[in-house]
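Survey of secondary and tertiary structure
Okay, here's what each chain looks like letter by letter:
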Amino acid sequence: MKTDLTDTTSSKINKALVLGRRAIGTPAVGMVLTLVIVTDEENAYDALKAANEASREHPSRTLVVIKRVSRSPRDRSQARLDAEVRLGADASTGETVVLRLYGEVGDHAQSVVLPLLLPDAPVVVWWPVNAPSDPAKDPLGALAQRRVTDTYAAEQPIHELTARADAYTPGDTDLAWTRITPWRSMLAAALDQVVCEVTSAEVEGEEFNPSVELLAMWLADRLRIPVRRAKSAGPGLTSVRMETSSGPIVLDRPDGSLATLSIQGQPDRAVALKRRETAELIAEELRRLDPDDTYATALRFGLERLDEEAALTAPESEAVVEAAEESAPAPAKPAAKKATAKKAAAK
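About the thresholds
Residues numbered from 1 in each chain as written. Predicted model: local features only at pLDDT ≥ 70, side-chain atom pairs only at ≥ 80, totals over all residues. Heavy atoms only, no water. Pairing = 2+ DSSP bridges. Helix = DSSP H or I, 4+ residues; strand = E, 2+ residues; numbered from the N terminus. Axes fitted to C-alpha atoms, helices over the stretch in contact; angles between N-to-C directions. Contact = heavy atoms within 4.5 Å. Buried < 20%, exposed > 50% of the residue type's maximum accessible area, 1.4 Å probe, protein only. Core = buried A, V, L, I, M, F, W, Y, C linked by side-chain atoms within 4.5 Å. Left-handed = near helix turned anticlockwise from the far one by under 90°. Nonpolar A, V, L, I, M, F, W, Y, C, P; charged D, E, K, R; others polar. Arc of directions from axis to C-beta. Salt bridge = Lys/Arg side-chain N within 4 Å of Asp/Glu carboxyl O.

1. Looking at the sheet that holds strand E11 (residues 237-244)
The sheet built from 6 strands is open, its strands ordered E10-E9-E11-E12-E13-E14 with mixed pairing. Taken across any chain shown, the strands that pair with only one partner, and hence form the sheet edges, are strand E10 (227-232) and strand E14 (269-272). Along the sheet, successive strands turn relative to each other by an average axial angle of 15°, direction set aside. Where strand E9 (residues 198-206) and E10 come together, 6 bridges link them in parallel fashion. Note on E10: the bridge partner recorded for Ala 201 is Val 227. Strands E9, E11, strand E12 (249-252), strand E13 (258-263) and E14 of the sheet are contacted by helix H7 (residues 181-192), whose axis makes an angle of about 25° with E11. Strands E9, E10 and E11 of the sheet are contacted by helix H8 (residues 210-223), whose axis makes an angle of about 170° with E9.

2. So, the pairing of strand E4 (residues 80-86)
Of all 7 residues in E4, 6 are buried; the element is thus mostly enclosed. Note that strand E1 (residues 2-5) and E4 share 4 bridges and pair antiparallel. Looking at E4, one finds that Lys 2 is bridged to Arg 86. Note: E4 against strand E5 (residues 95-102), 7 bridges, orientation antiparallel. Opposite Ala 83, over in E5, you have Leu 99 as the bridge partner.

3. Details of the nonpolar core
Core analysis: the biggest nonpolar cluster contains 39 residues, and Val 203, Leu 214, Leu 215, Leu 219 and Val 227 have the highest contact counts within it. The element best represented in this core is H8, accounting for 8 residues. Of all hydrophobic cores here, the second largest spans 26 residues; its members include Ile 13, Val 65, Val 105 and Val 113.

4. Examining the packing of H7 against H8
When two helices pack together, their arrangement is given by the angle between the helix axes and by the axis-to-axis distance. Where H7 meets H8, the axes come as close as 11 Å, and the angle between the chain directions of the two elements is 35°. In the packing of H7 onto H8, the handedness of the crossing is right-handed. Two secondary-structure elements touch here, H7 through Trp 183, Arg 184, Leu 187 and Leu 191 and H8 through Leu 215, Trp 218, Leu 219 and Leu 223. The residue inventory of the contact of H7 with H8, partitioned by class, reads 7 nonpolar, no polar and 1 charged.

5. Some thoughts on helix H5 (residues 157-166)
Along H5, the residues classified as buried are Pro 157, Glu 160, Leu 161 and Arg 164. Down the axis, H5 shows its buried residues gathered within 105° of arc, on one side only. For H5, exposure combined with an orientation more than 90 degrees from the buried face picks out His 159 and Asp 166. Against strand E7 (146-149), strand E8 (172-174), H8 and helix H10 (293-301) lie the buried residues of H5.

6. Description of the pattern of salt bridges
Taken as a whole and judged by the stated rule, the model has 21 salt bridges. Salt-bridge contacts for Arg 287 lead to Glu 57; the nearest nitrogen and oxygen are separated by 2.7 Å. Here Arg 287, found in the loop between helix H9 (278-285) and H10, pairs with Glu 57, found in the loop between helix H2 (41-54) and strand E3 (60-67); they are 230 residues apart in sequence, far enough to count as distant. Given a relative accessible area of 53%, Arg 287 falls into the exposed group. Ionic pairing is found between Glu 160 and Arg 164, a salt bridge with its closest N-O pair at 3.0 Å. With Glu 160 and Arg 164 both in helix H5, this residue pair falls 4 residues apart, about one helical turn.

Put into structure tokens, the structure is as follows:
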């Protein structure tokens, strides 16, 4: 069931929700939380699709906030709110309200969203793209217990990751961190199988992938070892290698689907480690509404500190080796041969 409201208000939207529930025969509200999605028109469809799939596990009221940019100065001076209310089969197992904000009302989105929040229920705000530099200080982020961003979708992911560390507030999380949950589980399980001491590690993945940096910082923080990063063609994370006193432990996933776990002295094992869809990532984040202390510790470890410790065990580069060879004196025997060749040519 869909209801379109043009130039409306929050009270009229609430009334449409009540009337819609009565029309489909479900007057009670069975939602467990409110999910607020702040996005643009281009990414709204994909974000809403992922939220609807996640609502099968977490029935929620989904509020999609789209700030429309008016073309002319006259339109920008006029404030207007359009809404689309979806219930029943059109909203999966929850309720969906798509809010389009025009003009000055876009600067006061929190005033529109606040009356639509479920009473006595947690609030989660998700920015699929264009997340604020400090989500906790954002007017919409201040309404939520959990704030979800995605640095992988940023223009400069690594720079964005550093900004997240500087502005971290309990309740913040990132989908780049959620993507490495299976990797962290497999690596922890691998270390439980052998008695050894880890001396160093290397994380390999595609360039400009914040998940590579987060996994490296997590290993460095937990194991107190230097961790190097290496580039690959992807997709995503491709390999983690840990050097231990009992031999190397390697988790390799070249195709983004099936991984191979290799432990010294044991047969190689195939591990299902496929790249997950956004709906699965959001569903995982909605399972816990308390602050993620592990994410905070790994994020605060810092990229600069990671680079400093990795440099201690970095292999000697080819450029340094070539420079050393060029500066070394030439061997005596080849020089003697060249002199003999010159005399023969003179004769």
